[in-house]
Amino acid sequence: MKKIIIAALMSFLSAGAYAGELDLNSSGFYDLSLSRIKATRLELPAPAPEIKAGLKCDHVSGEITKLHLLAEAAKSQLFTYAENEAQFNEFKAMWRPILEKFGMKVTGSEYKDNYGTLKYESPDGRVVRAFMAEKLHYNALDPAEVAKLQHELLEPLEKAGMTPIASFTIKNEIFRPTFNIYYLTQPGENPDHEIRLRQFMNGDDIDFDLVTGAVQIVKKDASFSMAYIGKELGFKSKWSETEDGIRTKLAEYKKFLKENNMEFIGSRITKLDPPYISGNIIINYIVGIYFFR
């Protein structure tokens, strides 16, 4: 567990960032930034989504080349960046039938300042959430491998009762070949606590055994990355010269988590052999701490 952490320590220490800790947490979500969308000017037509008959998921599939057709999901609404109202109308024409196919009622829409919003209601209270696969580790030049990964993510969602409603392959110059998945889950006041399909990437190898009981691991795509179903995972690494010191830092951080309404999951203390030494700094112990945000 120590090679990348030590490399990071060397970088931090050489820069004068001696704080006694490393923050190596990461999120599984992919956020489409306004600047990235505006930088894209592809005008290729997107084929109409097709409904895959006979599959258990019964989700809508197809290929997306126009970024304004990619829906972001929050609360009980889908939204997108659109250059003009015509693009937003195209977005609505694509997404209204998908929502209605899965029993949701469109309750309104709004286009303002290049952002379009489509609001909906669900009969069972569930909401649409999205997962982008681009940051997972796979051979993007092999369509068979991409399709296999897509299936490996869709099936666990269905088994967990998180109905997949759509999954699109995405072909656009700002992405390597990838896909996204839209599915249903129960909403929460705190988005970090919603049960979602997420990606977790650590600064080093993940201690899979420590998180297995806390989340449902869907795919270990690398020793330092995984796709999982559950609440948002967090990770913190701390270090010390002595064993007593590292145990004290662990206890202090567990107290910090409790005071900030975050849930401790597990930890692992590693003794470095040989220790890391930089000037007067001697690091013999590192602890990795996993928690829910």
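All residue numbers refer to position in the chain's written sequence, counted from 1. Only residues with pLDDT of at least 70 are given local features in this predicted model, and only at 80 or more are side-chain atom pairs given and counted; all residues enter the totals for whole chains, interfaces and linings. Working from all heavy atoms in the structure, the side-chain values ignore hydrogens and water.

Caption draft 1: Expanded view of the overall build of the chain. The helix count covers DSSP runs of H or I at least four residues long, the strand count covers runs of E at least two residues long, and both are numbered beginning at the N terminus. Scanning the chain from terminus to terminus reveals six helices and 16 strands. Within the chain, the proportion of its 293 residues that are buried is 46%. Counting only contacts in the chain whose residues sit at least 6 apart along the sequence, the fraction spanning at least 24 positions is 64%. For the chain, the accessible surface area stands at approximately 14,400 Å², while carbon and sulfur atoms represent 51% of it. Residue exposure (1.4 Å probe, protein chains only): buried if accessible area is under 20% of the type maximum, exposed if over 50%, otherwise partly exposed. Contacts are assigned to residue pairs that have any heavy atoms within 4.5 Å of one another. Using the Shrake-Rupley algorithm and a 1.4 Å probe, accessible areas are obtained, with residue cover drawn only from the displayed protein chains.

Caption draft 2: Just the nonpolar core, in detail. Put simply, buried Ala, Val, Leu, Ile, Met, Phe, Trp, Tyr and Cys residues joined by side-chain atoms within 4.5 Å make one nonpolar core. Core analysis: the largest hydrophobic core is formed by 30 residues, its most contacted members being W95, V128, I165, F168 and Y182. Per element, the largest residue contribution to this core is six residues, and it comes from helix 3 (residues 85-101). Judged by nonpolar contacts, the second largest core, of 18 residues, contains F131, L136, Y183 and A227.

Caption draft 3: Region of the structure containing the pairing of strand 10 (residues 178-185). Among the eight residues in strand 10, eight count as buried, and that is most of the element. Across the two faces of strand 10 the burial is the same, with T178, N180, Y182 and L184 and F179, I181, Y183 and T185 all buried.

Caption draft 4: Highlighting the sheet that holds strand 12 (residues 216-222). DSSP calls a pair of strands paired once it identifies at least 2 bridges connecting them. If you walk across this open sheet you meet the three strands as 11-13-12, and the pairing is antiparallel. In the strand order of this sheet, the two ends are held by strand 11 (196-201) and strand 12, each with one partner. Within the sheet, the average angular offset between the axes of one strand and its neighbour, ignoring direction, is 20 degrees. As defined by bridge partners, strand 12 adjoins strand 13 (residues 225-230) across four bridges and the pair is classed as antiparallel. Opposite A222, over in strand 13, you have S225 as the bridge partner. Comment: axis = line fitted to C-alpha atoms, over the contacting stretch for helices; angle = value between 0 and 180 degrees taken between N-to-C directions. Relative to strand 12, helix 4 (residues 143-159) is tilted by about 165 degrees, and along the sheet it contacts strand 11, strand 12 and strand 13.

Caption draft 5: Focus on the sheet that holds strand 6 (residues 105-112). Spatial ordering of the open sheet is given by 4-5-7-6, a layout of four strands whose pairing is antiparallel. Bordering the open sheet on either side are strand 4 (72-74) and strand 6, each of which pairs with just one other strand. For this sheet, the mean inter-axis angle between neighbouring strands, taken without regard to orientation, is 20 degrees. Where strand 6 and strand 7 (residues 115-121) come together, seven bridges link them in antiparallel fashion. In the strand pairing of strand 7, S109 is matched with L118. Contacting strand 5 (77-81), strand 6 and strand 7, helix 3 runs over the sheet at an angle of about 20 degrees to strand 7.

Scope: geometric values only; no functional claims are made or implied.
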